[in-house]
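So the chains spell out like this:
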Amino acid sequence: MAGRSRFSVLQHVSDLRAALKKILLISLILLLIVGGTAGTAGYYFYKRVVAGVPSVDFLRHYVPFTTSHIYDRNGQRIGSFYKERREYVPLGKMPPLVVHSILAVEDAHFYQHGALAYGSIIRAAISDALAGYLREGASTITQQLARNIFLTHRKTFIRKLREAILSYRIEKVLTKDEILELYLNQIYFGEGAYGVSAAARTYFGKSLSDLTIPEMAMIAGMIRSPIEFSPFLHPEASKRRQLVVLDRMAQVRYITLEEKKKAYAAPLELVPPLHSASPSAYFLEYVRQKLEREMPAKKLFGGGLRIFTTLDLRIQLQAVHALRKGLRAIDRRQGFRGPIRVLRGKPLVSVLRETRPAAEAAMLEDLTGTRSEVTILRVGPKYAWFSLDKHLGRIAVERAQWAKTVLSGPKVNRDRKVLNPLSLPKILRPGDVVMAHILALTKEKSGWLLEGSLDQVPLVQGAVVALDPKTGGILAMVGGYSFKRSKFNRAVQALRQPGSVFKVIDYGAALEKGFAPGSILNDSPLVFFDRIHHRVWRPKDFERNFLGPVPMRKALAESINLATIRLVRKVGVGSVIDFARRLGITTPLPHDLTLALGSATVRPIEITGAYSVIANEGIREPLHAVDRVFDYHKTTIFRFVPEPRPVYDPAYSYLMTSMMQSVIREGTGRDALSLGVLLAGKTGTTNNFRDAWFIGFSPSLVVGVYVGMDDHRSMGHGEFGAKAALPIWMDVMKGSLPYFPPNQTFRIPDDIVDVRIDPDTGLRVPLTARKFVVEEYKKGEEPLTEAATGTPLPDAGLYNLTGAP
């Protein structure tokens, strides 16, 4: 029994060993399978994570997209080109407190830990586990930099792993200072501002060195959420976040507790967001288009370029103000077009209920001087009461007198009605939305009121171009009333008939053909018949009277059409076209006598450039807007190279200038004598008052002004160049000439001589003659003492003139 029992125990032990071996074998196999599977899965997961991690080697030379700045010729900043608005500032040039404020709230131990802060990771992991989702971050500055340059802001586990790998790699490539410098210039602060320098400009209008402690704390607080903590959008949340930053700065002893209290109590003076277009907007767009032909857009909008232009911001501001003032004056002469739109029912009741006088004048100060849409609330015989941003205002009848002319349709000459005297209830009704110019504030018993005048946005448009005749540089360019309302740049894109401003080219060509300012022209009726098309052309002057024999100087000064046509017939249309091309006119020109009166279409910048050749003694300088461009490293990558070309005799240039001085001294531009300095220029008006011009110059400044309706409608009867364009030109010159040396005069070439002539015949008279005028001539081309014989040219047909190129 004992033996059998012992055998049974041994058998059980043997079976147990066999079972254990089988279990171990199966466990080992399962372990190998699970381990292999896990390893394979882990490998592929690792590959997936690593595959999305880019190389960081380029960071050694990386500079983020940096704003390119544009400057005028005096070094004044006039605008910027950017994909991301950023000013790159080296770490060593940043105020220490700016850096400390951000370190305090974002990564106080940045210089002590490596790529990751493990204590923060554990704290965030516990918080996320309790929340059940990725709620709290534990990112170091290195991780934030990796995320901003390489990754997205979407909170996922894979992104966090990639962020960690990138952070380790970045810390191997860059030093801590280099990482921090990149971070401070890369991070987004809202309102389109990237980097601390752009944030300082955007929110406070300051450079980094001028920021105060409360301003630094406000900026540092926006990094976590630029929208949630924006002082523009959420001022209360922004103030709370500022306190968090100040607390952290005090805890790490960057500031004292006393400094913290003072900083939190200090008021913040924010710069309001800029939504209005730059006064140089048309010019900046012109520069952008030019430079995009010279370099890639990536470099232009993100290369941190310094672009120095020919613009003079002082003259530009004069041009903008003058054009707007002039267009408003023309528009008011046309008449009041009525409300922009009308509010009725609940919207009007809501405005009535919410509008009230302001309790303090300070609430209205930002509105003073603006031109804004207002809603008329009630209208009486003396005042029309309006609402602007829920503030109450009024328009006195005296400040709406221009609106006594009312337009009921698009045709100015036909659809106008005059109310005499003006009655406010006849032009305005409650609910009308109109423009008002806010002029002042008035204190009443109920509070402060806005005082305004009735206004409207002009339909008439125009352009101003100012040039430096010595260099061809564009000193000012205004392409319309408002760039925000119309991007069409009329200074360079509009094709308009020049009218009589083209006569300067007619008369300039005539000087090369032996004519002189004292030459006698014939102002008498002309009729042309086109045998091919069976059409008759009867050119006439506005005055509709005929002077007969008239000196060429007077013909230009008084802009006499018939004398000019006869002159061009003798000179030849081909000669006029050739001269126009030499002056820089590139648009098609008709090969017929209508060209004499400016029937072609030209660009304002080109016709103004043609005048600049005459102002520059016959030397044509290429028109240009950019002088030089420097890249981020201050290396010159573009420089304008002058290419002056003599295209006209200096003596003839002076004679043309002298005749254009007569336009102002005694001709159609005589209103400009009020400037107190004798300049040179020419008026221009086209049929039915569709276009009005004045182009004129001093020795150092050429200014061209054009006005007209975009759809070529009439501006209204009587809108001559002298009435519509000349006042704008005068305002530009009056405001701009003080920026140039005083008492400048036009240089008289050595081959110009004074000759006594008979004003009726243009012939030279002896010194004993009692009837004479002194006229200027080029030496060797003085008139004879008796008439020269010759055969007059027969009248030619209007079209298909022979000899035209």
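For the structure itself, consult the block above.
Residues numbered from 1 in each chain as written. Predicted model: local features only at pLDDT ≥ 70, side-chain atom pairs only at ≥ 80, totals over all residues. Heavy atoms only, no water.

(A) How the structure looks around the packing of aromatic side chains. Inspection of the entire model under this criterion finds 16 aromatic pairs. An angle of 90° between the planes, with centres 5.0 Å apart, marks the rings of Tyr-282 and Phe-483 as edge-to-face. Of this pair, Tyr-282 sits in helix α11 (residues 281–292) while Phe-483 sits in the loop between β15 (474–478) and α16 (503–512), placing them 201 residues apart in sequence. Summarising the burial analysis for this pair, Tyr-282 and Phe-483 share the class buried. The interplanar angle of 45° and the centroid separation of 6.0 Å between the aromatic rings of Tyr-648 and Tyr-652 together place this pair among those described as tilted. For the pair formed by Tyr-648 and Tyr-652, the shared burial category is buried. Connected via pairs of aromatic rings, a cluster forms that spans Tyr-71, Phe-308 and Phe-630. Here the guanidinium or amino end of Arg-756 rests over the ring plane of Phe-772, the centre of that ring lying 3.7 Å away. (Phe/Tyr/Trp six-rings, centres within 6.5 Å; stacked < 30°, edge-to-face > 60°. Helix = DSSP H or I, 4+ residues; strand = E, 2+ residues; numbered from the N terminus. Buried < 20%, exposed > 50% of the residue type's maximum accessible area, 1.4 Å probe, protein only. Lys NZ or Arg CZ within 6 Å of the ring centre and 35° of its normal.)

(B) Highlighting the sheet that holds strand β22 (residues 636–639). In spatial order, the strands read β2-β1-β5-β21-β22; together these 5 strands make up an open sheet with mixed pairing. With one partner strand each, in any of the chains shown, β2 (77–81) and β22 form the two edges of the open sheet. Direction aside, neighbouring strands of the sheet carry axes that sit 15° apart on average. Bridge analysis of strand β21 (residues 626–630) against β22 gives 3 bridges, and the strand direction is antiparallel. Residue pairing for β22: Val-629 is matched across the bridge by Phe-638. Together, β1 (68–71), β2, β5 (306–309) and β21 form the strand contacts of α11, whose direction differs from that of β2 by roughly 50°. (Pairing = 2+ DSSP bridges. Axes fitted to C-alpha atoms, helices over the stretch in contact; angles between N-to-C directions. Contact = heavy atoms within 4.5 Å.)

(C) Inspection of a nonpolar patch on the surface at higher detail. Together, Leu-25, Ile-26, Ile-29, Leu-30 and Ile-33 make up a nonpolar patch on the protein surface, roughly 460 Å² of accessible area in all. By the secondary structure assignment, Leu-30 is in helix α1 (residues 2–51). The exposure class assigned to Leu-30 is partly exposed, which follows from its relative accessible area of 48%. (Patch = residues over 30% accessible without salt bridge, like charges linked within 9 Å, V, L, I, M, F, W, Y side chains within 5 Å. Areas by Shrake-Rupley, 256 points an atom, 1.4 Å probe, with all protein chains shown as cover. Salt bridge = Lys/Arg side-chain N within 4 Å of Asp/Glu carboxyl O.)

(D) The arrangement of a positive patch on the surface in detail. Together, Arg-324, Lys-484, Arg-485 and Lys-487 line one region of the surface with positive charge. When you line up the elements, Lys-484 lands in the loop between β15 and α16. (Lys, Arg positive; Asp, Glu negative; His and termini not counted. Charge placed at Lys NZ, Arg CZ, Asp CG, Glu CD.)

(E) Representation of the nonpolar core in the model. Of all hydrophobic cores here, the largest spans 87 residues; its most connected members are Ile-307, Ile-505, Leu-521, Ile-607, Tyr-611, Met-656 and Phe-697. It is helix α21 (residues 650–666) that provides the largest number of residues to this core, a total of 8 residues. Not counting the four nearest positions on each side in its chain, Tyr-611 is found in contact with Val-501, Val-504, Met-660, Lys-682, Ile-695, Phe-697 and Val-702. Counting residues in each nonpolar core, the second largest holds 51 residues, with Val-99, Ile-187, Ala-217 and Met-222 among its members. (Core = buried A, V, L, I, M, F, W, Y, C linked by side-chain atoms within 4.5 Å.)

(F) How the structure looks around the pairing of strand β8 (residues 383–388). Most of β8 sits inside the fold, with 5 of its 6 residues counted as buried. The loop that links strand β7 (residues 371–379) with its antiparallel partner β8 comprises 3 residues. One ladder, built from 6 bridges, connects β8 with strand β9 (residues 391–396); its direction is antiparallel. Bridging from a neighbouring strand, Phe-386 pairs with Gly-393 of β9. Hairpin connection of β8 to β9: 2 residues between the antiparallel strands, including Asp-389 at a positive phi of 55°.

(G) Expanded view of the packing of α16 against helix α19 (residues 573–583). Where α16 meets α19, the axes come as close as 9 Å, and the angle between the chain directions of the two elements is 110°. Comparing the axis directions of α16 and α19 gives the class roughly perpendicular. Contact with α16, carried on its side by Ile-505, Asp-506, Gly-508, Ala-509 and Glu-512, involves Ser-575, Val-576, Phe-579, Ala-580, Arg-582 and Leu-583 of α19 and no other residues of that element. Considered class by class, the residues forming the contact of α16 with α19 number 6 nonpolar, 2 polar and 3 charged. (Parallel < 35°, antiparallel > 145°, perpendicular 65-115°, else oblique. Nonpolar A, V, L, I, M, F, W, Y, C, P; charged D, E, K, R; others polar.)

(H) Local environment of the sheet that holds β15. Reading across from one edge, β15-β14-β26-β25-β24 is the order of the 5 strands in this open sheet, with antiparallel pairing throughout. Edge positions in the sheet fall to β15 and β24 (680–685), since each of these pairs with one other strand and no more. Each strand of the sheet is rotated relative to its neighbour by a mean of 5°, with strand direction disregarded. Bridge count for strand β14 (residues 461–467) against β15 is 4 bridges, and the pairing is antiparallel. Opposite Val-464, over in β15, you have Val-478 as the bridge partner.

(I) View of the side chain of Asn-616. Within the fold, Asn-616 resides in the loop between α20 (604–615) and β20 (619–620). A residue is classified by how much of its surface remains accessible, and Asn-616, at 8% relative accessible area, is buried. Setting aside chain neighbours within four positions, we find Asn-616 in contact with Pro-469, Lys-470 and Glu-621.

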